[in-house]
Amino acid sequence: GAGVSQSPSNKVTEKGKDVELRCDPISGHTALYWYRQSLGQGLEFLIYFQGNSAPDKSGLPSDRFSAERTGGSVSTLTIQRTQQEDSAVYLCASSSGSPSGTQYFGPGTRLLVL
Amino acid sequence: GQQLNQSPQSMFIQEGEDVSMNCTSSSIFNTWLWYKQDPGEGPVLLIALYKAGELTSNGRLTAQFGITRKDSFLNISASIPSDVGIYFCAGYNYGGSQGNLIFGKGTKLSVKP
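Residues numbered from 1 in each chain as written. Chains lettered and ligands numbered in written order. Predicted model: local features only at pLDDT ≥ 70, side-chain atom pairs only at ≥ 80, totals over all residues. Heavy atoms only, no water.

## Here we look at the pattern of salt bridges
Line of reasoning, step 1. Summed over the entire model, instances satisfying the criterion amount to seven salt bridges over all chains.
Line of reasoning, step 2. One salt bridge in this structure joins D24 of chain A and R22 of chain A, with 2.8 Å as the shortest N-O distance.
Line of reasoning, step 3. You can call R22 of chain A partly exposed: its relative accessible area is 38%.
Line of reasoning, step 4. A salt bridge links D83 of chain B to R60 of chain B, with the nearest nitrogen and oxygen atoms 2.8 Å apart. One end of the pair, D83 of chain B, is in the loop between β8 (71-76) and β9 (85-92); the other, R60 of chain B, is in the loop between β6 (55-58) and β7 (61-65), with 23 residues separating them in the sequence.
Line of reasoning, step 5. A relative accessible area of 6% places D83 of chain B in the buried class. (Salt bridge = Lys/Arg side-chain N within 4 Å of Asp/Glu carboxyl O. Buried < 20%, exposed > 50% of the residue type's maximum accessible area, 1.4 Å probe, protein only. Helix = DSSP H or I, 4+ residues; strand = E, 2+ residues; numbered from the N terminus.)

## Quick look at a nonpolar patch on the surface
Residue and element names in this part refer to chain A.
Line of reasoning, step 1. A grouping of V12, L112 and L114 is seen on the molecular surface, where their side chains present a nonpolar patch of about 280 Å² in accessible area.
Line of reasoning, step 2. Summarising the element assignment, L114 is placed in the segment after β11 (109-113).
Line of reasoning, step 3. By relative accessible area, L114 is classed as exposed at 53%. (Patch = residues over 30% accessible without salt bridge, like charges linked within 9 Å, V, L, I, M, F, W, Y side chains within 5 Å. Areas by Shrake-Rupley, 256 points an atom, 1.4 Å probe, with all protein chains shown as cover.)

## Examining the pairing of strand β7 (residues 65-69) of chain A
Residues and elements named next belong to chain A.
Line of reasoning, step 1. Examined bridge by bridge, β7 and strand β8 (residues 75-79) share five bridges and lie antiparallel to one another. Looking across to β8, one finds that S66 is bridged to T78.
Line of reasoning, step 2. Hairpin connection between β7 and β8: a loop of five residues separates the two successive antiparallel strands, and G71 in this loop has a positive phi of roughly 65°. (Pairing = 2+ DSSP bridges.)

## Some points on the environment of K57 of chain A
Residue and element names in this part refer to chain A.
Line of reasoning, step 1. Tracing the backbone shows K57 in the loop between β6 (53-56) and β7.
Line of reasoning, step 2. Note on K57: relative accessible area 51%, which makes it exposed.
Line of reasoning, step 3. Considered as a pair, K57 and F45 are twelve residues apart in the sequence and their alpha carbons are 9.1 Å apart.

## Quick look at the interface of chain B and chain A
Line of reasoning, step 1. At the junction of the two partners, chain B supplies 19 residues and chain A supplies 20 residues.
Line of reasoning, step 2. Carbon and sulfur atoms supply 54% of the area buried between chain B and chain A, which totals about 1600 Å² over both sides.
Line of reasoning, step 3. For the pair chain B and chain A, the interface holds four residue pairs in polar contact (both at pLDDT 80 or more).
Line of reasoning, step 4. Where the side of chain B that touches chain A is concerned, the elements lending two or more residues are β4 (31-37) and β9 of chain B. (Contact = heavy atoms within 4.5 Å. Buried area = accessible area lost by both parts, 1.4 Å probe. Polar contact = N/O pair within 3.5 Å; in protein donor to acceptor, adjacent residues only side chain to side chain.)

So, in structure tokens, the structure goes:
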């Protein structure tokens, strides 16, 4: 597609349930990033993929968070046993993977945990 | 870890005014980026800076990469209503396994009542 797309755009869930968030990067982009943005805050890095591998998982806040990428394209961020503090906007970005490759962001998934 | 201090946190603008915001870092970056985020959208890249001392313009926007590589500023000249939004600076060091951007907390631009 023309840009990074994410689904769902909004998700309301109950505490304790699992959620899956999806990111479709720009076609041909090898690098993919997940960020979290809490209300009124900047973006917090979660995880980075180069191809299907994740050389940097340093930002995942707990073992309830995991992400995978298959076929060098679509990525899924999974949050297990959601907590209220997980409520945030989850943003995905992709880049060409070159050293100066610009990161292009999707519109985000707004997650609300009740 | 690396942190960015972005200021001001918020500011009110009147149409036609010039606006300045800046970011400072506790450590150096190879790249400085400025993004704008509108409500309900993801951040959109405004300007990318790749060399210390670089001064780059994009229409009414001008940004500079500080000579120490620890700071950057963004100027908006002759502001217009559609400039309203949240502006983020981001630092980036390419190479190795570290691929993420480090973001400032943002500068929220609003219209003066």
